[in-house]
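The chain contents come next:
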Amino acid sequence: MSKYLVSKTFRFCIIISNKVSKKAVKRNQLRRRLSESIRINMQQFNLPYNIIILPNKKAIDTDYKTLEQEVIIFLSSVSKL
């Protein structure tokens, strides 16, 4: 689930609750993977939004390439708004 607000610059926030994983190591690993994939791919899209990303439990076991593809799909769908 994600939300966005119109802004002058592109900012993002990743919120991972304890419901996703009880282990902080897993939550931080997911947060780092998502942040890196967004950082790398945000240059492709000129988005004037503040985005909040709330991953679900399935994202913990997903590999980096799949997460990156999902981020690209998400950013491209937001850029069409």
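Everything numeric in this text was worked out from a predicted model, so none of it was measured.

Novice: Explanation requested: the packing of aromatic side chains in the structure shown.
Specialist: How two aromatic rings sit relative to each other is set out by the distance from centre to centre and by the angle between their planes. Evaluated as defined, the whole model comprises one aromatic pair. Ring plane angle 35° and centroid distance 6.1 Å describe the contact between Phe10 and Phe12, whose orientation is recorded as tilted. Since its relative accessible area comes to 30%, Phe12 is described here as partly exposed.

Novice: So what exactly am I meant to see when it comes to the pairing of strand β2 (residues 11-14) here?
Specialist: Examined bridge by bridge, β2 and strand β3 (residues 49-53) share four bridges and lie parallel to one another. Along β3, the bridge assignment pairs Arg11 with Asn50. Each parallel crossover has a hand, and for β2 linked through helix α1 (residues 24-41) to β3 it is left-handed.

Novice: What am I meant to see in α1 here?
Specialist: Since there are 3.6 residues in each turn of an α-helix, residues three or four apart along the chain are aligned in direction. Over its 18 residues, α1 runs 26 Å from end to end, which matches the ideal 26 Å to within 8%, given 1.5 Å per residue. Residues of α1 that are buried include every one of Arg27, Leu30, Leu34, Ser37, Ile38 and Asn41, and no others. What you see down the axis of α1 is that its buried residues fit within an arc of 105°, all on one side. Turned more than 90 degrees away from the buried face of α1, the exposed residues are Val25 and Arg32. Against the buried residues of α1 lie β2, β3 and α2 (64-79).

About the thresholds
The written sequence of each chain sets the order in which its residues are numbered from 1. Only residues with pLDDT of at least 70 get local features here, since the model is predicted, and only at 80 or more are side-chain atom pairs given and counted; chain-wide, interface and lining totals rely on the full set of residues. The basis for every side-chain value is the complete set of non-hydrogen atoms in the structure, without hydrogens or water. Side-chain rings of Phe, Tyr and Trp, where Trp is taken by its six-membered ring, are said to pair if the distance between their centres is within 6.5 Å; with planes under 30 degrees apart they count as stacked, over 60 as edge-to-face, and otherwise as tilted. Residue exposure (1.4 Å probe, protein chains only): buried if accessible area is under 20% of the type maximum, exposed if over 50%, otherwise partly exposed. For two strands to count as paired, DSSP must find a minimum of two bridges between them. We count a stretch as a helix when DSSP gives it H or I for four or more residues in a row; a strand needs E for two or more, and each element gets its number in order from the N terminus. By the criterion used throughout, a crossover qualifies as right-handed when its path from the first strand across the helix to the second strand runs clockwise, the strands pointing away from the viewer. Take the number of residues in a helix, subtract one, and multiply by 1.5 Å to get its expected span. For this quantity, the arc is that covered by the directions from the helix axis to the C-beta atoms. Throughout, a contact is declared for two residues whenever any of their heavy atoms are within 4.5 Å.

That's the geometry; what it means functionally is another story.
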